[in-house]
Amino acid sequence: MTETHRVILCASGDLHEVKGPRRAQTLRHRSTLMALLSLIGTMAGCATPSSDEPTPEPTETTQGAWQIGTEIDTSGPTTTSTPLGLALEFENGAGPTLSVRAGQKFFIEQLDLRGAIDATTDEGVDGLADRGPLANLDWRGVELDDQEFVGLGNPDGTFTRRRFFTGARWMRRPSVMVISQLDNHGHPTAAPWILNLGADSHRSPLDTFFIRRTRAIQWTYDCASKDDCSGASLFQEEGLVELRHSAWNQQVRRFASRTTRLELLWSELPSARWSVDVEQVGDPGYDYNFNILMDIEEPTSGVFQPGDDVPVTLTLVDGSGERLHPEGSLPSYADVVFGPNPSGIQYYNAFFDPTTTFYRRKHRERMMAIQMIGPAQDIQPIRTVAPLEQFLVPSETLLLGTQDRDGLYAEAQLFPPAHVLFGGAFFPDSGAWSTPVSDQLTFHIPADAKPGTYRITMKARRVFMGQDIPRSVTKEIQVGSAEHTEASLPTGPCNTCHSGAGDLSRVLHANADRAACNGCHVPLGFELEGPVYVRTHFIHSRSERFDRPKDDCSSCHKEKSSIQRVSKSACLSCHDSYPASHVTAFGPIQSMYVGGDTESFDNCTSTCHQNHPGSHL
Ligand code: HEC
Ligand code: HEC
Ligand code: HEC
Ligand code: HEC
C-alpha cells in the first residue's frame, strides 16, 4: 500500500468521529473527500516512494501523523526531530528556493500562493480567467466586493486603486492541496502533506487551517484622482490564496535526505504542478524559534514617577537563547531587506510586497514595533489621527496618545525608527536605510501621567529557514504608585472561536493580551483603519467563516455602553452603505474601512443608535 493510501484511510477514520451539525456537514465532508480523491487520481502512482530509499519513520504516518492538539511552542530549543511549522510560498508556478535545516521535521503552518498578470485595460479581474497561471481555475461567480485607494498618492501625482473580488467557484467550494517531496529525478521521497483547505463559504472542523483567505485583486496604478480612473492604462490582476495556522490535523513529515524539490498539486488546478527548489543545510548557524528579551531599567524604588524616562534594552534570540544580533545593535534596514540577513530578523516589508487589512498579506508586513500604554485602568481606543509628518520628524519614538486628549498615554517606536524607515523610502539617496539600528530605546512618561500599571509590548517576526513566526511580549511597570491596576475591557471573550489553531496567542502577532493593542493601533494619516475596533469589525464582517449572525454584537461585546460611541469608523467598518439622509448629512462613503476621512473618528451622535437591531445587548 502506498503512503498516500494510508493517509487517506487514516483521514477517513477521523472523519466519522467528528461531531457537529450533522447533515450539512456530512455532505461537506463528502465533497472535500471527492476533491481529495480526484486529486489523488491525477497524481496516480506518483506518491510511491522509490525503492532505494525507504520512507523515513513510517510510524509517523501510522501513529502520529494526524495529531489532535494544537499546542505549538515556537520559543524553545529545537532539534531536527522537533516538529516545526513550515511556511511555503508559490508565485506564478514557482517560488524562491526553500532552505531548511537538513532532515528537519515539519508540518505546514502557512502557505501563500499567488498568480498575477499585467493588463492595459480595465477588465476587472477577467484577465485572470483568460491568461496566466490561474486561467484554469473556475472563475464563474467572481464579483467585486470592496474597493479602496492606497492612502498616499504616487510620486508622479497619480493614485493607486485596489479592487477586491471574491465569490469565484474555486474560492467557495472545498478543495485540497498535496505537497510532495521529490528527488532529482522527480520521484517522491516521503509521504506527502495533504491539506484540506475547506471553503471560503463556511468554517468546518475538518479544515487544516484557521485562516483561509482567497481573493482576486485588481490594481490600477495610474488614476488621475481618487474619483477618476477613466484614463488609466496600468493594471495588474492577481489571484491569492492565504493559509495560516494549521489545526487538528497537522501532519508531521521529515525532509528526506534526497529531497531537492517540493511540488504542489491542487484539486482546483489539476493540470498544474507548481514547485520550489529545496536546499538542505547541515548547520544553519542558528536554532529555529524566536524570543524577545526585554530589559527595563527600573528605579530602585520599583516605581517610576511622572516625567521619568524608561530605558529599555532588547535582545532577540533563537529558541536556544543565542543572540540574533550583536550586543548594542540590530541589523540596518538595508541588511534586512537586501541581505545579508542570516539570523532572519524582519522589518516592515510593505514597500516591496504591499499589504491591506484583511485582503492582502498583513502577516507579511512584518513591522517590528514596541508600544507603552497606560494607565491600564483607562485603556480604550485612541481615535486621534497620527499624521504622516509625525513619521518623518527625527524623533525616535512617536507620542500617539495623551492624557488630556485621549484619556490615556501611549508612545510607540518602530524599528528602524519611523523617520529612518519612511525617510529612506521617500528620499532613497539619503542613506537612511543603511543607518545602524540601536537595540535600546527610551519611553518618556509625561508629567501629567496618572498613577497605575503601564504596559510595554513589543512585536516582531522572524523568518528563518522555512519558519515564519510572530512573537509578542509584554512587561508591566508601575508609575506614580506601587498599586497594580488592570484594564477592564468591554469586549470579549474572543476565545469562543479563537482557541486551538486560531488562539490569539498564535495568530497574527501571537498576542492574546487585548489590553496590549491600542498604543500601536491608532488611526494613521496614511492608513486610517488603524484602530483594533475598525479592523476587528472589518475582518469579521467580511468573512463568511465568522459563523455567528453579524448583527449580534454580543458575540464580542459584553455591555450595551460599549456600542454607544457612534462614529463612521465604528459603523462603516461593517456597513458599506447608509441611507440617503445620511449621505446628505455626513457625506458619501469614501472608505471601505472607516467610511470617510479623518472625521470618521468623531462621535457623530449621542442620541441616535444607542442600541443595534439584533445586538442581544
Ligand atoms: C507593537 C505594536 C502592535 C501591537 C502591540 C499590536 N499590533 Fe496589531 N498590528 C501592528 C502592525 C504594525 C500591523 C500590520 C501588520 C504587521 O506588521 O504585523 C498590525 C496588524 C493588525 C491587524 C490586521 C490583520 C489583518 O489580517 O489584516 C489586526 C486585526 C491587529 N493588528 C490586531 C491587533 C490586536 C487585537 C492586538 C492586541 C492583542 C494588536 N494588534 C497588537 C502593530 C501592533
Ligand atoms: C464567532 C467566532 C469569532 C469570534 C467571537 C471572534 N472571532 Fe476573530 N476571527 C474569527 C474567524 C473565523 C477569523 C478568520 C476570518 C477569515 O480570515 O476569514 C477571525 C479572524 C480574526 C483576526 C485576524 C487574524 C489574522 O491573522 O489576520 C483577529 C485579529 C481576530 N479575529 C480578533 C478577534 C477578537 C479580538 C475577537 C473578540 C473581540 C474576536 N476575534 C472574536 C472568528 C471569531
Ligand atoms: C468580532 C467581534 C466584534 C463584533 C461582532 C462587534 N464588535 Fe464592536 N468592537 C469590537 C472590539 C474588539 C471593540 C473595541 C476595540 C478596542 O477596545 O480597541 C469594538 C468597539 C466598538 C465600538 C466603539 C468604538 C469606539 O470608538 O470606541 C462600537 C460603537 C462598536 N464596537 C459597535 C458594534 C456594534 C453595533 C456591533 C454589532 C452590530 C459590534 N460592534 C459587533 C469587536 C466586535
Ligand atoms: C459587526 C458588524 C456591524 C457593526 C459594527 C454595525 N452594524 Fe449595523 N448591522 C449589521 C448587520 C449584519 C445588520 C443586519 C443586516 C443589514 O441590514 O445589513 C445591521 C443592521 C443595521 C440597521 C438596520 C438596517 C435595516 O434596514 O433594518 C441599522 C440602522 C444599523 N445596522 C446601524 C448601525 C450603526 C448606527 C452602527 C454603528 C453604531 C452599526 N450599525 C454597526 C452589522 C453591523
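Data block above holds the structure.
Residues numbered from 1 in each chain as written. Chains lettered and ligands numbered in written order. Predicted model: local features only at pLDDT ≥ 70, side-chain atom pairs only at ≥ 80, totals over all residues. Heavy atoms only, no water.

Draft legend 1. Structural detail: the pattern of salt bridges. Counted by the stated rule, this structure contains 34 salt bridges. In this structure, aspartate 353 and arginine 364 form a salt bridge, with 3.2 Å as the shortest nitrogen-oxygen distance. A residue pair is termed long-range when its members are at least 10 positions apart, and aspartate 353 in the loop between α6 (333–338) and β17 (368–374) and arginine 364 in the loop between α6 and β17 qualify at eleven residues. Residue classification places aspartate 353 among the buried positions, given a relative accessible area of 10%. Judged by relative accessible area, which is 7%, arginine 364 ranks as buried. Overlapping salt bridges bring together Glu89, Glu91, Asp112, Arg114, Glu238, Asp353, Arg360, Arg361 and Arg364 as one network. (Salt bridge = Lys/Arg side-chain N within 4 Å of Asp/Glu carboxyl O. Helix = DSSP H or I, 4+ residues; strand = E, 2+ residues; numbered from the N terminus. Buried < 20%, exposed > 50% of the residue type's maximum accessible area, 1.4 Å probe, protein only.)

Draft legend 2. Structural context of helix α8 (residues 418–426). Counting buried positions along α8 gives seven out of nine residues, so the element sits mostly inside the fold. Within α8 the residues assigned to the buried category are Ala418, His419, Val420, Leu421, Phe422, Gly423 and Gly424.

Draft legend 3. Highlighting the coordination of the iron atom of ligand 2. Distances from the iron atom of ligand 2 to its protein donors, His498 (NE2) and His540 (NE2), fall within 1.9 to 2.0 Å. Because the angles between the six donor atoms bound to the iron atom of ligand 2 fall within 87 to 180°, the donor set is best described as octahedral. Within this pair, whereas histidine 498 is found in the loop between β23 (467–479) and α9 (532–542), its partner histidine 540 is found in helix α9, the two being separated by 42 residues in sequence. (Donors = N, O, S within 2.8 Å, 3.2 Å for Na, K, Ca; no water. Tetrahedral: all angles 85-135°; square planar, octahedral: opposite > 155°, others 65-115°.)

Draft legend 4. Here's a closer look at the state of the cysteines. In the structure shown here, the tally under the stated rule is one disulfide. Cysteine 571 provides the cysteine sulfur closest to cysteine 604, a residue in no disulfide bond, and the two sulfurs are 6.4 Å apart. On the basis of relative accessibility, which here comes to 36%, the residue cysteine 604 falls in the partly exposed class. (Disulfide = S-S within 2.5 Å.)

Draft legend 5. Broad picture of the sheet that holds strand β11 (residues 261–266). An order of β2-β12-β11-β6-β7 is seen for the five strands of this open sheet, with the pairing classed as mixed. Each having just a single partner strand, β2 (98–101) and β7 (193–198) make up the two edges of the open sheet. For this sheet, the mean inter-axis angle between neighbouring strands, taken without regard to orientation, is 25°. Pairing of β2 with strand β12 (residues 274–281) involves four bridges; the strand directions are parallel. If you follow leucine 98 over to β12, its bridge partner there is valine 278. (Pairing = 2+ DSSP bridges. Axes fitted to C-alpha atoms, helices over the stretch in contact; angles between N-to-C directions.)

Any functional reading would require information beyond the geometric quantities listed.
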